[in-house]
Amino acid sequence: MIELAPRHKFGLPIASPVMPAAGAFGYGDSYHDLVDLSALGAMVTNPVSLRPREAAGGERIAVHGEHFVTHTGLPNPGVPRVLRQYRPLWERLPVPVIVHLVATTPAETAEAAEHLAGIPNVMGIELGLIDSITPQRALDLLKAACAEGDLPVIVRVPFSSVDRLAPCLADGGAAALTLTAPPRAILPVTAAAESCETRRYVRGRLYGPALFPLLLNTLARWTHRLPIPVIACGGIASLQDAIACLELGATAIQIDALLWRDPSLLQRIAEGLAACATSHG
């Protein structure tokens, strides 16, 4: 077993280091007919906030080669409704559920964490932070999530804020850190008929293979300096990519937007890592 929360009183043991990234796999119901969830370590949910959020308006996606930018606004029905709808499913899943919680205010974060406490098979919270957050604000949100429930709290660190946030979050009570949330970027909306004067742009989260070498650089700089587990996330596209992350000190990995095109990638990587472990064991 792999322990994602060694400093937490209950811990968060998982059987495999492979899991989906928040936003890539729904709430556990989206790809159940394509992926054997028992091969994974955990199910990380879509982002959910205490209160419902509407989808972003206007242009929401722009594609450039193998990369794309998406701006969704993190639409979701809110924690109470998500629990009403998905709690029975989560109880039946063969792996632990980690709820990705959109951190807004300390009060709302605490209330959302309280809702999640005691839900069968919900074994952890992953806290999502805005890119511009200050270290003190991040600590306030982390403490709020920890104070109102007994669940270990993983924090997904914004790509541009690892140097500022990782040390203080590790010392401030985070069970583990996900490095990293996709970086912010801008791309033009592709339209052959548009002139340069009318071209539109989308600002949002960047996904694609260029993130992988940046992820490896982040892991090489930080995994040996942090006293808690690191979950690697960003551009992982193959078994070899996953092995590289683990060799650089990651405890586990998350697969992100590639799952929208190839959900079975999760299971292939998980089974490949299991076979590697068996052959070296």
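One can find the structure itself at the top, above this paragraph.
Thresholds, definitions, all that
- Residues numbered from 1 in each chain as written.
- Predicted model: local features only at pLDDT ≥ 70, side-chain atom pairs only at ≥ 80, totals over all residues.
- Heavy atoms only, no water.
- Salt bridge = Lys/Arg side-chain N within 4 Å of Asp/Glu carboxyl O.
- Helix = DSSP H or I, 4+ residues; strand = E, 2+ residues; numbered from the N terminus.
- Buried < 20%, exposed > 50% of the residue type's maximum accessible area, 1.4 Å probe, protein only.
- Pairing = 2+ DSSP bridges.
- Core = buried A, V, L, I, M, F, W, Y, C linked by side-chain atoms within 4.5 Å.
- Contact = heavy atoms within 4.5 Å.
- Lys, Arg positive; Asp, Glu negative; His and termini not counted.
- Polar contact = N/O pair within 3.5 Å; in protein donor to acceptor, adjacent residues only side chain to side chain.
- Phe/Tyr/Trp six-rings, centres within 6.5 Å; stacked < 30°, edge-to-face > 60°.
- Right-handed = clockwise from strand over helix to strand, strands pointing away.
- Axes fitted to C-alpha atoms, helices over the stretch in contact; angles between N-to-C directions.
- Parallel < 35°, antiparallel > 145°, perpendicular 65-115°, else oblique.
- Left-handed = near helix turned anticlockwise from the far one by under 90°.
- Nonpolar A, V, L, I, M, F, W, Y, C, P; charged D, E, K, R; others polar.

Enquirer: Please give an account of the pattern of salt bridges that cites residues and values.
Expert: Applying the stated criterion to the full structure yields 7 salt bridges. For Lys-9, the salt bridge identified is with Asp-150, shortest N-O distance 3.2 Å. Pair noted here: Lys-9 is in the loop between β1 (2–3) and β2 (13–14) and Asp-150 is in the loop between α3 (135–147) and β9 (153–158), with a separation of 141 residues, a long-range link. The closest approach of N and O atoms between Arg-51 and Glu-108, which form a salt bridge, is 3.1 Å. Within this pair, whereas Arg-51 is found in the loop between β4 (43–44) and β5 (61–64), its partner Glu-108 is found in helix α2 (residues 106–116), the two being separated by 57 residues in sequence. What emerges from the salt-bridge pattern is a single network uniting Asp-131, Arg-184 and Arg-205.

Enquirer: I'd like a rundown of the pairing of strand β7 (residues 97–102), residues and numbers included.
Expert: β7 sits mainly inside the fold: 6 of its 6 residues count as buried. Alternating residues of β7 divide into Val-97, Val-99 and Leu-101 and Ile-98, His-100 and Val-102, and every residue in both groups is buried. Summarising the sheet, β4 and β7 pair through 2 bridges and their orientation is parallel. The partner of Met-43 across the bridge, within β7, is Val-97.

Enquirer: Can you explain the sheet that holds strand β10 (residues 176–181)? Please cite residues and give values.
Expert: Here we have 8 strands laid out as an open sheet, ordered β3-β14-β13-β10-β9-β8-β7-β4, and parallel in their pairing. Of all the strands in the sheet, just β3 (18–20) and β4 have a single pairing partner and so form its edges. As paired strands, strand β8 (residues 122–128) and β9 are joined by 4 bridges and run parallel to one another. The residue bridging Glu-126 from the neighbouring strand is Ile-154, located in β9.

Enquirer: Report on the nonpolar core, specifying residues and quantitative values.
Expert: Ranked by internal contacts, the top residues of the largest apolar core, which has 73 residues, are Trp-90, Leu-129, Leu-169, Leu-177 and Cys-245. Trp-90 has contacts with Tyr-27, Thr-45, Val-82, Leu-83, Val-97, Val-99, Asn-121 and Val-122, leaving out every residue within four places of it along the chain. In terms of nonpolar packing, the next biggest core, distinct from the first, is built from 14 residues, Ile-14, Val-44, Ile-98 and Ala-175 among them.

Enquirer: An account of the side chain of Asp-256 is needed here, citing residue identities and associated values.
Expert: Turning to its location among the elements, Asp-256 is positioned in the loop between β14 (252–255) and α7 (258–261). In this structure, Asp-256 is buried with no salt-bridge partner, the nearest side chain bearing the opposite charge being Arg-156 at 7.3 Å. Within the structure, the side chain of Asp-256 is placed 3.5 Å from the backbone nitrogen of Gly-235, a separation counted as a polar contact. Excluding residues within four positions of it along the chain, Asp-256 makes contact with Ala-21, Ala-24, Tyr-207, Cys-233, Gly-234 and Gly-235.

Enquirer: Account for the packing of aromatic side chains, with residues named and values stated.
Expert: Inspection of every chain in the model, using the stated rule, returns 6 aromatic pairs. With a centroid separation of 5.1 Å and 40° between ring planes, the pair formed by Phe-25 and Tyr-31 is classed as tilted. A relative accessible area of 17% means that Tyr-31 is categorised as buried. Put simply, the rings of Tyr-27, Tyr-86 and Trp-90 pair up and form one aromatic cluster.

Enquirer: Run through the pairing of β14, naming residues and quoting values.
Expert: Every second residue of β14 is oriented toward a common face, with Ala-252 and Gln-254 on one face and Ile-253 and Ile-255 on the other, all of them buried. Taken together, the 3 bridges between β3 and β14 define a ladder with parallel strand orientation. Opposite Val-18, over in β14, you have Ile-253 as the bridge partner. In this structure, strand β13 (residues 230–233) lies alongside β14, joined through 3 bridges in parallel fashion. Its bridge partner lying in β14, Ile-231 is registered against Ala-252. Note that the unit made of β13, helix α6 (residues 239–247) and β14 has a crossover that is right-handed.

Enquirer: Give me the packing of helix α1 (residues 79–92) against α2: which residues, what numbers.
Expert: Where α1 meets α2, the closest approach of the two axes is 10 Å, and the angle between their N-to-C directions is 15°. As the angle between them shows, α1 and α2 are arranged roughly parallel. In the crossing of α1 with α2, the sense of the turn from one axis to the other is right-handed. Between α1 and α2, the residues in contact are Val-79, Pro-80 and Leu-83 and Ala-112, His-115 and Leu-116, respectively. Its residues assigned to classes, the contact of α1 with α2 shows 5 nonpolar, 1 polar and no charged.

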